[in-house]
Structures are given as structure tokens and as C-alpha cells.
Amino acid sequence: MTAPLLEVRDLEVVFRVPGESATLRRPIPKPLEVRAVAGVSLQLERGQTLGLVGESGSGKSTIAQAIMRLVDIESGSIHLDGIDLTAARGASLRELRRRIAMVHQDPFASLNPRRTIAESIREPMEVHGLRRGSRRERVLELLEMVGLDARFADRYPRQLSGGQRQRVCIARALASDPEIVILDEATASLDVSVQAQILNLLQRLQREHGLAYLFIAHDLAVVEHMSDRVMVLYLGRAMEVADRDALFVEAAAEHSTDVALAPGAAHPYTAALLSAIPPSDPLATDSRQRMVLSGDVPSPLSPPSGCVFRTRCPIAIEACAETVPPPVTVAPGHESWCIRVDEARRL
Amino acid sequence: MTSHAAAIVDAAPPAPVSGWRQVLDAIVRRPVALVSAAVLLVVVLAAVAGPLIAPYPANAVDLSRALQPPSGAHWFGTDELGRDVLSRVVLAARVSMLVSVVSVTIAFVVGVTLGLVAGYAGGWADTLAMRAVDVMFAFPVLLLALSIVAILGPGLTTAMIAIGVVYTPIFARVARASTLSVREESYVRAARGMGARPLGIIARHVLPNVAAPLIVQTSLSLAFAILSEAALSFLGLGVQPPEPSWGRMLFDARGYLDQAWWMAVFPGLAVFVTVLAFNLIGDTLRDVLDPSGREARR
Amino acid sequence: MTGVFGVEGLGVRIGEARILDDVTWSVDRGETLGIVGESGSGKSMSVLAATGLLPAARGLRLEGRSWLGGDAPVDNLLALDAERLRRLRGPRIGFVFQDPATSLNPLLSVERQLTEGLEEHRGMTRRDAARRAIELLELVGIPDPERRLQSYPHQLSGGMRQRVMIAIALSCDPEVLVADEPTTALDVTIQAQILDVVAELQHRLGTAVVWISHDLGVVGGIADRIAVLYGGQVVETGDVRDIFAGHRHPYTAGLLASRPKLGHRTDDLAMIPGSPPDPRHLPSGCVFYDRCTVRADERCASERPPLAQPSGAAAGHLVRSFCAEHPASTSAGASS
């Protein structure tokens with residue numbers, strides 16, 4: 001068995017915020033700790049798409065930034081092609097950032113307003129010393145790949161629409177010939193009609209270039225459409241991970257939303273997420289269980305003991321507060337972090 | 001169907017107007033800016049081609065023609081040594097421009113470097129650089145000039161160094177403030193994510209975006225540098241006679257204010273008009289380049 | 001015109017940009033109208049213009065009218081002066097905006113923000129207003145309301161803040177609740193809670209609701225009727241079932257087809273090529289023409305279609321398209 005292209009093990013990311021200031025009694029100020037990611041492991045295979053789903057505070061964006069080493073890693077490891085890059089510096093860090101590219105959520109903010117499109121797309125090539133002498137051709141090639149006319153090369157970001165800018169960001173991500181592209185809420189700020197264009201483009205590029213995607217989103221329908229495997233996150237911890245087909249069951253009839261029926265979700269949070277999505281078709285026979293979670297997401301400064309989801313979980317019991325649930329293998333390749341998996345599957 | 005959809009490809013927007021053309025446009029459209037630009041052009045011309053334009057040499061002493069009011073032969077009159085005031089004003093432009101350009105260049109290079117590094121690196125580098133800047137801020141021009149005079153003796157070089165040091169802090173602060181805000185932008189994060197080196201990021205992303213407030217600050221500092229030079233020369237710490245300098249000319253005119261008003265008025269006007277022109281151009285540049293007003297005045 | 005609130009022929013121009021053009025919609029007691037559109041469609045604008053909340057801009061010109069029905073009808077809100085219009089906002093029209101973080105005053109406690117409107121519009125005493133405030137917090141499902149009254153916005157989560165916004169909006173018993181993208185910034189599980197709260201309130205109080213959103217899924221779930229906006233015009237409006245299963249406008253078809261649907265997989269999403277139009281350079285014919293893949297009529301490029309009921313459509317189902325009369329081209333089943 002070949003090693004996965006990207007493997008993250010027990011990743012922990014802690015942000016420290018200024019807490020109480022110094023007092024006479026305690027002269028050294030005590031910072032507060034926010035465990036944005038608390039021990040998440042994931043694998044990404046070549047040419048595959050792993051979808052990371054979660055709401056705010058789930059840590060999904062932080063995981064992406066940790067992989068790119070844009071935030072400090074508290075503990076855990078990152079392996080690219082079997083090589084440990086957790087503490088990489090200098091040239092090896094740069095190589096990591098060549099092989100993994102990122103497309104951010106806000107296409108406008110991630111392009112330097114004072115540089116032309118061509119200059120922005122060319123930057124990865126300049127940084128890594130690629131294609132000396134043929135960079136302009138490559139820029140035009142990339143523009144064509146993402147469906148933009150060659151004349152866009154000498155324009156400025158402010159002249160482009162949101163969808164066009166996101167295409168530019170995708171072209172830029174491809175400029176370093178990466179093997180993995182991290183898409184961090186890449187379509188969240190786009191209109192629905194434009195989102196479809198971008199998603200189609202991403203799928204075509206994946207097929208043509210054998211790219212692996214780490215697709216981060218909060219929209220489950222988009223994640224289902226794009227992913228081969230899906231991981232559900234809550235408050236910095238993994239709740240469930242499975243192949244897409246195991247998690248989302250294809251609806252039998254045209255106007256039906258019979259998703260989340262067994263075998264589907266094996267974790268109460270996944271079931272709640274599926275249930276919370278408004279039916280895309282009001283005419284649908286919706287045999288999903290209506291499950292509206294009560295309360296709000298707990299503060300990451302003081303996460304609940306044991307299972308972090310227990311404060312909003314409809315099937316929580318006393319034991320849930322005692323220990324962090326270990327992963328339970330529901331089926332090959334399907335894991336759930338819940339001590340009451342059987343009840344969860346009945347939700 | 002496919003061909004139809006392909007035909008609805010996004011049309012490329014028209015080519016944008018280059019930054020420089022925008023600036024030129026803005027100046028041409030505003031009468032005030034246009035006049036200021038014209039004035040500056042005249043001053044630069046005087047500085048560069050002074051000896052060719054000036055009707056008389058700067059130091060043509062002719063005591064028989066001393067203290068004559070403005071006339072056909074001497075448009076600005078003559079001073080107590082019979083020297084043509086107009087010629088001296090024109091030739092002094094060279095000194096003023098030289099001192100202000102060199103000193104502002106020193107201030108710019110040192111200040112912006114400090115500010116960029118402090119702003120981007122943060123941490124102790126930031127603290128160190130900014131404390132150094134604070135020390136420089138505290139020095140009045142005169143005190144510093146005196147100290148430098150004690151070491152180097154009075155003269156052109158002294159003036160340039162003193163003014164340069166005194167204006168460094170403002171460039172450092174402007175550069176640092178802009179760098180701090182740019183550093184947090186998504187596109188800088190994207191650049192880090194693609195593996196760019198810090199120097200590359202500063203050059204490609206930070207500098208172009210902090211350029212605007214710095215350009216504005218430069219034009220304003222040039223204006224004040226001229227004033228400072230005049231002040232230093234007035235006190236005898238800058239350019240030494242017989243080299244003409246507006247400040248020196250004002251100094252020399254002190255004793256003759258009631259007899260020969262033209263000795264003070266014309267050099268004074270020259271300073272005033274030049275400084276005003278720089279200021280007004282600076283305002284226009286700011287309106288065009290940096291409408292958010294991030295730069296500071298000194 | 002029946003109904004409690006609506007606009008007729010509403011148009012907004014700012015300089016040479018045409019932001020809204022001949023917009024007509026209405027909502028009835030106990031009914032929810034969903035206004036759907038993408039960015040630049042004018043969906044928020046129509047409500048802001050109707051209630052006098054448009055920021056002053058140079059070259060701003062308004063056309064048409066907005067009206068209130070019910071027991072004390074107002075023929076044209078736009079004809080009222082600013083003060084009279086202000087007195088209508090609150091007692092007759094309540095607002096909930098998108099970002100509760102910026103819509104609530106961070107310096108005032110929840111209690112103050114609730115009682116402010118009550119004291120102002122209802123002339124209640126502080127004490128009575130405070131009691132009513134607790135009632136309202138209970139109404140929107142906030143636990144422990146007495147303690148919550150003393151909280152400040154930054155102490156509340158996004159979902160809580162939005163509930164407070166709803167409570168404020170309903171404090172003076174308005175006939176209409178206008179919600180502009182109220183759940184767009186919220187997590188999907190919190191959104192589900194808010195949708196429940198609003199549905200429950202509507203059921204109990206009979207308030208008419210105008211819900212503006214870009215999310216067809218959300219709107220489809222709670223609306224009784226829908227108006228689809230594009231390029232500042234209403235391109236289709238009707239009962240929610242007609243819009244989802246019997247739509248006649250190519251844009252509506254495209255919009256519905258381009259969403260990934262849970263449980264229904266396709267290789268490629270059907271998409272609408274191109275981008276929305278620039279309000280300064282609107283086409284002279286059908287506003288959707290440049291991106292339309294149907295174009296079944298010769299008039300499409302040159303003439304602006306009127307908003308009319310196509311043949312065979314249910315009453316109240318109006319479409320602004322010449323293509324609507326060519327049945328095979330835009331029926332819900334046809335894929336482009």
C-alpha cells in the first residue's frame with residue numbers, strides 16, 4: 001500500500017490570546033489558550049478530493065493554514081509523500097508550498113490590487129524559479145485553462161468580477177504545478193450561478209491534471225458534489241469521516257430528499273447537519289428526521305469535557321462527559337467519534 | 001448548444017489607465033496643481049540652468065551700484081555689495097533644491113528601510129527601530145545642526161545631514177504604519193503560502209502598496225526641507241558666504257529692511273512660493289494616490 | 001390591492017445606473033414572500049427604497065410607489081415626509097438585517113435596545129417596557145430572559161443576536177417583518193433554529209414576512225410566494241410550487257439547475273455562463289439576453305418583455321420573458 005500523498009497525524013493548533021493582565025500578585029500575564037484544532041488526523045490520496053465540513057469554530061480553515069505552515073503547530077505531524085515536513089524550514093518549506101497550493105475564500109483580497117493579473121499568476125513561478133524564459137506563455141496557457149481570455153493578463157483585479165477573480169486565483173494556484181490544491185471556502189463568496197461555473201472548472205482541472213483537492217466548505221451539498229471522502233469537524237475535533245457514498249445516500253426519486261437514511265451518517269452531529277439543510281426542493285418528500293439542535297456552539301475557550309458535541313447532542317448520556325470518544329470503525333474506511341454509534345445511525 | 005455557451009465567454013474589460021497618466025491627468029485638471037507644477041518647473045530650471053539664465057554672476061561686487069531698487073537693469077534690485085538680487089535668487093535655487101533633495105533622499109532611504117523592517121518583522125526589531133526613531137524625533141533641527149557643526153563645521157554637507165536625520169522619523173513612521181496594515185492583507189498571506197521569501201514579499205507586495213503615502217510624504221518633506229535649509233543658512237550654520245542661499249540672503253537683509261526691502265522680499269518670496277508649490281502638489285498627489293489619508297504631515 | 005405591504009412599479013436610478021426597474025410585489029397577512037436574487041439583482045434595494053432607508057446619493061431618483069394595507073392603509077410611503085415615514089418603521093414594519101454584529105448597538109444593553117422602540121412608539125413606561133421586553137425574549141426562544149436583558153451584544157452568539165434582532169423588530173407588533181438575508185452569516189444549524197422561530201412567530205402572530213435571500217433552498221423552505229429578481233427587474237413571480245416545478249423564465253431555470261442538490265449527483269452542474277449585468281449599461285431588450293441559452297423569440301434582443309401571466313400558468317404566476325410562450329424551451333424538466 002502506497003503512503004497517502006498527504007498525511008496529517010494528531011494535529012494540534014493552539015492560539016494564545018491575551019488573558020488577564022498582570023497584577024501585583026501574579027506579575028506575569030496569563031494568556032488564554034484556544035485549541036483551534038485538537039488532535040485531527042487525515043489522509044489525502046493522489047487525485048482524490050477530501051471534503052472538510054464544519055461550521056464556525058470547527059477548525060477546518062485552521063487545518064488548511066497549518067498544513068501550509070501559516071500558523072504554528074503545537075503538536076502532531078504533516079507528511080507529504082512520506083516525508084515529514086512538520087518542522088521544515090527554508091528550501092524544504094518552500095518546496096512544500098510549491099507542491100501544495102491554496103485558493104482562499106475572498107478572491108478580491110487575495111490578489112494584490114496593484115499588480116496585474118499576469119504578475120499575480122507569475123509570482124509562484126518567480127518564487128520557485130520555474131519556467132525561466134517561458135513564463136509569459138505559461139501565464140497565457142493558465143488563463144486559457146481557467147477559461148479567461150488572454151487580454152485579462154494585463155488587467156487589474158478591480159476590473160474583474162468575483163467569479164473571474166476566483167478563476168485567476170485558481171490559475172495562480174496551478175502556476176507552481178502543484179499536486180495538491182487546498183480550496184478554502186473557494187466558492188462561498190460567489191453567487192450561485194457563478195459557483196456552478198467554478199465547481200465545474202475545478203472538476204475538469206482535477207480530471208485533466210490529476211490534482212488532489214482538500215475541499216473546505218460549510219455547504220454540505222457542495223461538499224457532496226465535489227468530494228470522494230468527507231470529514232465532519234466540530235470545535236476542532238473530527239466527528240466522522242467516510243467515503244462520500246457511505247455518508248450521502250443517493251435519493252431514489254427525483255423530488256426526494258431521502259438523505260441521511262441508514263447506512264448514511266453514524267454521528268449525531270452529521271445527522272443534525274444533514275437535517276438542518278433546507279430541502280433544495282420544497283416539493284420533495286422529505287423523510288429526513290427534523291432535528292434542530294438547541295443552543296449555540298460552545299466557546300472554544302472552554303470546550304465541554306469528554307465529547308465536545310455533548311452539550312447540543314440529542315442522544316447524549318452521562319458517559320459522554322467523562323472521556324473523549326475514541327474512533328469507532330463503522331465500516332471499512334468509515335469512522336465515527338461517538339460512543340453511541342448505533343443510536344446515532346437511527347437518527 | 002456548446003458553441004453558443006462558449007460564445008458567452010466573459011469579455012475582457014478595457015485596458016486600464018496607467019497610474020502615471022492618472023496623476024498627470026489630475027494635475028492638469030486642477031488649476032492650482034497646474035500652477036504649482038509650473039512654479040516647480042521654473043525652480044528646477046533655475047537650479048539646473050542657473051548660470052545660463054542669470055543675467056549677472058552671483059558675486060559680481062560693484063559698490064557703486066549698491067542698494068539700488070528694482071529697475072530695468074536689475075529686476076530685483078541690488079544688495080549692499082551691489083550684487084544683482086535676481087541673479088542671486090536664481091543661483092540660490094540650486095542650493096535649496098540640492099539640500100532638500102539630498103536630505104529628503106537620506107531621510108527616505110534610512111526611514112523607509114527602518115519602517116519596512118520594523119513593520120514587517122515585528123518583535124524586537126520593531127521595538128528597537130522605533131525607539132531609535134523616537135530619539136531622532138525628539139531632536140529639533142537646530143540642536144542637531146549645532147552638534148553636527150561641532151563635528152563637521154558649517155556648510156552644505158552639515159545642512160544636508162542634519163535635515164536628513166531630522167526627517168527620517170516621519171518616513172519611518174509612515175512606512176511602518178502602512179506596512180503593518182498591508183502585512184495583514186490576504187494577498188500577503190497568499191504570498192507566504194506560496195513560499196515567497198520575506199524580502200520578495202516586501203518588494204513585490206508591501207512596497208507598491210505603501211508607495212502612495214510615501215510619495216505624498218516626500219513632496220511635503222521636500223517643502224519643509226527647503227524651509228529648514230533657509231533657517232539653517234539664516235543662522236549661519238548651513239551654506240557659507242559667498243555661496244548664495246535664500247536663507248543667507250534673508251540674513252544679510254536684516255540690517256537693510258527699511259532701506260532696501262527688495263533684499264528680503266524676493267528671497268523670501270522665493271522660499272514661500274517654492275514651499276507652497278510643493279505643498280499643493282503634495283495635496284494633489286494625495287488626492288490621487290492615497291485618498292484614505294494614511295500619511296502624516298511634518 | 002389586497003395584502004398588507006407591497007411595491008408597485010418601483011424604480012431607482014443613481015446617476016446613469018438603473019438599480020431597479022418596474023418592480024412590483026406584495027405580501028399578505030400571515031404570508032411569506034421570498035425575494036430571491038444574486039448580488040446586484042436589487043433584492044435588498046427594493047425593500048430599502050420602499051421604506052425610505054436608501055442612503056442619500058447624488059443623482060438618486062425614485063419612481064413608483066410602495067404601500068401599506070390593512071386597517072390603516074397608506075397609499076404611497078414614498079410620498080410621505082421623512083418623519084412620517086420614520087414613525088411607520090417599527091410599529092408597522094419591523095426589520096431584521098443580515099449582520100447582527102453591526103445592527104445592534106454594541107454600547108447598549110439588550111434591554112435598552114428593546115425598550116427604546118417601545119417607549120418611543122408606544123409611549124410605555126420603563127417598567128412596562130421592560131416587562132414586555134422579557135415577553136419578547138421568550139417569544140423568540142431565548143432562555144433565561146431576565147438575565148439576558150442585562151447582556152450586551154458582544155456577550156451573545158450570532159444566533160442569539162439574531163433572535164434579539166427579531167424581538168426588536170416585533171416589539172411594536174408590526175404587520176410586516178422584513179428580513180434581509182438574516183441567516184446568511186449564520187451556521188446552518190443556527191439557521192435552522194432561526195427559520196423555526198420565524199415560522200412559529202408567523203403562525204402565532206399572523207405577521208406578513210418578506211424574506212430576502214440569495215439562497216433558493218432557504219426561501220423555498222419558508223416562502224409561500226417568491227419573486228425572482230435579476231438586473232433590477234422582477235423576472236418571475238408566483239406561488240412557490242410554480243416557481244420550483246413550473247418556472248418559465250430561463251434565469252429561474254438556470255438558477256435552480258446550477259445548485260448542487262443533496263442526494264442528487266450530476267457530473268457537471270448546469271451553469272449560467274457569463275456574469276450579471278452592469279447597472280450602468282443595461283441591455284435594451286431582455287435583461288437576461290446576454291447569458292440566456294434559450295432565446296426562443298426574435299424580440300428577445302431588442303424589446304423588453306412585460307411582466308405578464310403566460311398561457312397555461314396559474315393565476316398570480318407572472319413572467320417577464322418572451323420565451324415563456326414557447327413551452328418546450330423553459331419547462332422545468334428541460335435541461336439546457
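Everything numeric here is computed off the predicted structure, so don't read it as measured data.

So, how was this worked out
Residues numbered from 1 in each chain as written. Chains lettered and ligands numbered in written order. Predicted model: local features only at pLDDT ≥ 70, side-chain atom pairs only at ≥ 80, totals over all residues. Helix = DSSP H or I, 4+ residues; strand = E, 2+ residues; numbered from the N terminus. Rg over C-alpha atoms; globule rule 2.2 N^0.38 Å. Buried ≥ 20, exposed ≤ 12 C-beta atoms within 10 Å, placed from the backbone. Contact = placed C-beta atoms within 7 Å. Pairing = 2+ DSSP bridges. Axes fitted to C-alpha atoms, helices over the stretch in contact; angles between N-to-C directions. Domains from an automatic or database assignment. Nonpolar A, V, L, I, M, F, W, Y, C, P; charged D, E, K, R; others polar. pLDDT = per-residue confidence, 0-100.

Chemist: Can you walk me through the overall build of chain B in this structure?
Modeler: Looking only at helices and strands, one finds 11 helices and zero strands in chain B. In terms of overall dimensions, chain B is more spread out than a globule: its C-alpha atoms have a radius of gyration of 24 Å, far above the 19 Å expected for 298 residues. The buried share of chain B, reckoned over its 298 residues, is 45%. At a minimum sequence separation of 6, the contacts of chain B that also span at least 24 residues come to 70%.

Chemist: Explain the sheet that holds strand 7 (residues 180–184) of chain A here, please?
Modeler: The pairing of strands in a sheet happens through backbone hydrogen bonds and is either parallel or antiparallel. Residue and element names in this part refer to chain A. Strand order in the open sheet formed by eight strands is 6-7-8-3-9-10-12-11, with mixed pairing between adjacent strands. Every other strand in the sheet has two partners, leaving strand 6 (100–103) and strand 11 (328–331) as the edge strands with one partner each. For this sheet the average axis-to-axis angle between neighbouring strands, irrespective of direction, equals 20°. The pairing of strand 11 with strand 12 (residues 334–336) spans three bridges and is antiparallel. Within the sheet, the bridge partner assigned to valine 328 lies in strand 12 and is serine 336. Strands strand 6 and strand 7 of the sheet are contacted by helix 5 (residues 162–174), whose axis makes an angle of about 170° with strand 6.

Chemist: Would you mind going over the domain arrangement of chain C with me for this structure?
Modeler: The accessible area lost on association of the parts is a frequent measure of interface size. Residues and elements named next belong to chain C. Under the domain assignment, chain C is made up of domain 1 (5–228) and domain 2 (241–330). Listed by partner, the interface residues are 11 residues for domain 1 and 13 residues for domain 2. Elements with a minimum of two residues in the side of domain 1 that touches domain 2: strand 2 (17–27), helix 9 (216–222) and strand 8 (225–230). Looking at the side of domain 1 that touches domain 2 residue by residue, the classes come out as five nonpolar, three polar and three charged.

Chemist: Quick question: what am I supposed to make of the confidence of the model for chain C here?
Modeler: Keep in mind that low pLDDT regions are not for reading the predicted coordinates in detail. All names here are of chain C. Looking at chain C as a whole, its pLDDT mean stands at 86, while 97% of the residues score no less than 70. For the stretch residues 330–336, pLDDT sits under 50, and the model shows 16 contacts to residues farther than four places along the chain or on other chains. Across the assembled chains, the prediction reports ipTM 0.81 with pTM 0.83.

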